[in-house]
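# Fold and contact review
These are the residues of each chain, in order.
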Amino acid sequence: MLAIIVGLALDVSWFNVTIGKRNDLVFADKNKEYGAFIMRRDYTNTVILALLISIGVLGSTYVVPKLVELLSKTDLVSEKLKNNFDVKLMDPPPMDEKTPPPPPPPPPPPPPTVKTIKFVPPEPAPEDDDEPPPPQDLLKDQNVDDKTQDGIEGDPPPDQIVKQEVEDNGIYEKTAIEEPANFPGGDDALNAWIVKNINWPGCCMAEKENGITGKVYIKFVVEKDGSISNVEVLKAPLGSKKIPQEATRVVKTLPKWNPAKQGGKNVRMYFTVPINFKVG
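Residues numbered from 1 in each chain as written. Predicted model: local features only at pLDDT ≥ 70, side-chain atom pairs only at ≥ 80, totals over all residues. Heavy atoms only, no water.

## Notes on the confidence of the model for the protein
Low-confidence regions, as indicated by low pLDDT, have predicted coordinates that should not be scrutinised in detail. A residue-level look at the protein finds 57% of positions with pLDDT of 70 or above and a mean pLDDT of 75. Per-element mean pLDDT across the protein ranges from 57 in helix α1 (residues 2-10) up to 94 in strand β5 (residues 228-235). Per-residue pLDDT stays below 50 along residues 123-128; that stretch engages in zero contacts with residues further than four places along the chain or on separate chains. (pLDDT = per-residue confidence, 0-100. Helix = DSSP H or I, 4+ residues; strand = E, 2+ residues; numbered from the N terminus. Contact = heavy atoms within 4.5 Å.)

Structure below.
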């Protein structure tokens, strides 16, 4: 509607029936009080007035409810602020002074003393220490504590356990182990086993013909049960994929080792072995 009004206002051509010059010419020497002349003359103003009235009516349908809602909230908040709230708490029941309070329960009897054997983590001892640590065989199936004492046989009650054994799943380096892992028969037996089971040069004829030889360093983990895991290649001759693959295959088929021990318990340990692939 607004676009029509603007268009009529800007259109000054002869075809615009509302333009004043055309109306004056058409109705010259005629009765201008005739309805057609008045309608054409006042058409634009009438449309603008109708548009403004429509906008006002539509706007009031939105603005009036908002004003009513705003005024209602203001009155409600004012009424709440005027109210005084009194909070009354119930009085506690009266104390019966004739009945004395019950006595506290007696303390529970102490648990029986459990027989233990002293075993503490190893640490440097003074020169005058005459108490050697107990042998590992004596600690088997015994309760370990920070002191040796007599008592009943069996497991201690839960509230008397001094130290709770935590499984050690860390992987130690060879230099930090009290008893490192070893292949049954020693290093000579390990070398002999590798030489016997490696497929050289059958696995890598192309490398041998091209003069690609050298040492492969394989790192792996000796588990608590002596098995081999986490096999990886640290270093290998350049230009060959078959040589490190064959070295990895052989190490993965190694028989079980004697596991490493730390504090009398089996632990996991890293081990690195070089395997030499050479011509001849």
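Continuing now.
## Observations concerning the pairing of strand β4 (residues 214-222)
Counting buried positions along β4 yields seven of nine residues, so the element is predominantly enclosed. For β4 and strand β7 (residues 265-277), the ladder comprises nine bridges, and the chain directions are antiparallel. Across the sheet, lysine 219 pairs through a bridge with threonine 272, a residue of β7. Sheet analysis places β4 next to β5, joined by five bridges and oriented antiparallel. (Buried < 20%, exposed > 50% of the residue type's maximum accessible area, 1.4 Å probe, protein only. Pairing = 2+ DSSP bridges.)

## What to know about a nonpolar patch on the surface
Together, Ile48, Leu52 and Ile55 give the surface a local cluster of nonpolar side chains, amounting to about 280 Å² of exposed area. Along the chain, the position of isoleucine 55 falls in helix α4 (residues 43-82). Overall, the relative accessible area of 51% leaves isoleucine 55 in the exposed class. (Patch = residues over 30% accessible without salt bridge, like charges linked within 9 Å, V, L, I, M, F, W, Y side chains within 5 Å. Areas by Shrake-Rupley, 256 points an atom, 1.4 Å probe, with all protein chains shown as cover. Salt bridge = Lys/Arg side-chain N within 4 Å of Asp/Glu carboxyl O.)

## Some words on unusual backbone geometry
In this structure, asparagine 230 takes a positive phi of about 55 degrees despite not being glycine. Note that asparagine 230 resides in strand β5. For asparagine 230, a relative accessible area of 48% corresponds to the partly exposed category.

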